[in-house]
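Notes for the structure review
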Amino acid sequence: MSALPPSMHVLERGWLSCNTLVCTGEAPCVIDTGHVKHAADAVERVAGLLQGRPLADIAHTHLHSDHCGGTAALQAAHPGTRTWVPEPSLPHVQAWDEDALTFGDTGQRCDRFIAAHALAPGQSVALGGFSWDIHAAPGHDALAVLLFEPRHGVLMAGDAMWENGVGVIFPHIDGSDGFEPFADTLALIERLDPALIIPGHGAPFGRAGGAIHAALERARQRIDYFSAHPAQHALYAAKVLIKYQMMDVERMPRPAFMDWLARAPALHLLHQQHRPDLGWDDWLAQVLAPLFDKGALKAEGAEVVDGG
Ligand SMILES: [Zn+2]
């Protein structure tokens, strides 16, 4: 892996929380704050890195609940922090529109935070002592941005880029977009030619050994596969949403689990995209069986438990 500048620190905290970048130089900043479940951990680890200095800025690649769940707690710990969100998301945050912010549709949770600053594609923003170019990065999330620091070639990719595979293509679930924007975003990343990618989840990776090139190829193959087999994307998305919920709550009585599934609008859309020929119960049985078979979920007495 190419080296990060010494004042950049990546907090990698499993899959429920995204990677958090902490820049500890002049005007310290945090980019992406993790899941609300790990909010206290984010505050503690940021405090450890800043050693009493206040945070100047918090910025977000996109506003999924695993990327902005620590923001409210960081704001409380650092009053006066400027908070940046992708430009089209700003009115949604200010009105705290849970459906537009996707927490409603997916049945997820996130503490309310405030934001007053927009990350506008085509502009640059000074964060943590670096100048970051802002690029639109639709695909996984229609409103997401990439933050690219050209001097060191560091790309804060959010969920537009992982080393292995791709995230759920949320705009496809509600029918607002297809798979093409994701392919365009991958092409953009290739043109930017970063030296080091900080993905939304998983370890940072660089050009060494062709890792970025290989990751782009894997992502493209996955997008092409989903384009040709959209029902498989729906199945993948349903499994991801269910597993994500269980990583958050860890265990649920089976009736509450079934109730949560029934009340998540996104899962009903995915049912229609995957197997509209099946009734809801039969469809759920098909989706859940492999999660239990592979140990992603476990049945313990009357409870459904996250398999870790
Ligand atoms: Zn995301």
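Up top you'll find the structure we're talking about.
Residues numbered from 1 in each chain as written. Predicted model: local features only at pLDDT ≥ 70, side-chain atom pairs only at ≥ 80, totals over all residues. Heavy atoms only, no water.

Following the criterion strictly, the structure yields seven aromatic pairs and no others. Centroid distance W96 to F103: 5.9 Å. Interplanar angle 45 degrees. Geometry classified as tilted. Side by side, W96 and F103 carry an identical accessibility label, which is buried. Measuring from centroid to centroid gives 5.2 Å for W96 and F113, while their planes differ by 80 degrees, and the two rings are edge-to-face. (Phe/Tyr/Trp six-rings, centres within 6.5 Å; stacked < 30°, edge-to-face > 60°. Buried < 20%, exposed > 50% of the residue type's maximum accessible area, 1.4 Å probe, protein only.)

For a metal with four tetrahedral donors the ideal donor-metal-donor angle is 109.5 degrees, whereas six octahedral donors ideally subtend 90 or 180 degrees. Protein-derived ligands of the zinc ion are H62 (NE2), H64 (ND1), H140 (NE2) and D159 (OD), with the metal-ligand distances lying across 2.1 to 2.4 Å. Donor residues binding the zinc ion come from one chain and are separated in sequence as H-x1-H-x75-H-x18-D. (Donors = N, O, S within 2.8 Å, 3.2 Å for Na, K, Ca; no water.)

Okay, the layout of surface pockets next. Here the largest pocket defines a volume of roughly 460 Å³. As for the largest pocket, its lining consists of 21 residues, and the residues nearest its centre are W15, W162, V240, Y244 and M247. Of all the secondary-structure elements, those providing two or more residues to the lining of the largest pocket are helix 2 (65–68) and helix 9 (230–249). A per-element tally of the lining of the largest pocket places helix 9 first, with six residues. Across the lining of the largest pocket, the residue classes tally to nine nonpolar, eight polar and four charged. In this structure, the lining of the largest pocket is formed jointly by two domains, domain 1 (8–228) and domain 2 (235–306), each of which donates at least three residues. (1 Å grid on protein atoms, 1.4 Å probe; cavity = no way out; pocket = protein on both sides within 12 Å on 5 of 7 lines; lining within 4 Å. Points joined across faces, edges and corners; volume = space filled by probe spheres on them. Helix = DSSP H or I, 4+ residues; strand = E, 2+ residues; numbered from the N terminus. Nonpolar A, V, L, I, M, F, W, Y, C, P; charged D, E, K, R; others polar. Domains from an automatic or database assignment.)

This part covers a negative patch on the surface. A contiguous patch of negative charge, built from D174, D177, E180 and D184, is present on the exposed surface. Its place among the elements puts D184 in helix 7 (residues 180–192). Look at D184 and you get exposed, because its relative accessible area is 52%. (Patch = residues over 30% accessible without salt bridge, like charges linked within 9 Å, V, L, I, M, F, W, Y side chains within 5 Å. Areas by Shrake-Rupley, 256 points an atom, 1.4 Å probe, with all protein chains shown as cover. Salt bridge = Lys/Arg side-chain N within 4 Å of Asp/Glu carboxyl O. Lys, Arg positive; Asp, Glu negative; His and termini not counted. Charge placed at Lys NZ, Arg CZ, Asp CG, Glu CD.)

In this section: the sheet that holds strand 2 (residues 20–23). Across the sheet, which stays open at both edges, the six strands sit in the order 1-2-3-4-5-6 with mixed pairing between neighbours. Taken across any chain shown, the strands that pair with only one partner, and hence form the sheet edges, are strand 1 (8–11) and strand 6 (117–119). Averaged over neighbouring strand pairs, the angle between their axes works out to 20 degrees when direction is ignored. Where helix 1 (residues 39–50) meets the sheet, its contacts fall on strand 1, strand 2 and strand 3 (29–31), and the angle it forms with strand 1 comes to roughly 160 degrees. (Pairing = 2+ DSSP bridges. Axes fitted to C-alpha atoms, helices over the stretch in contact; angles between N-to-C directions. Contact = heavy atoms within 4.5 Å.)

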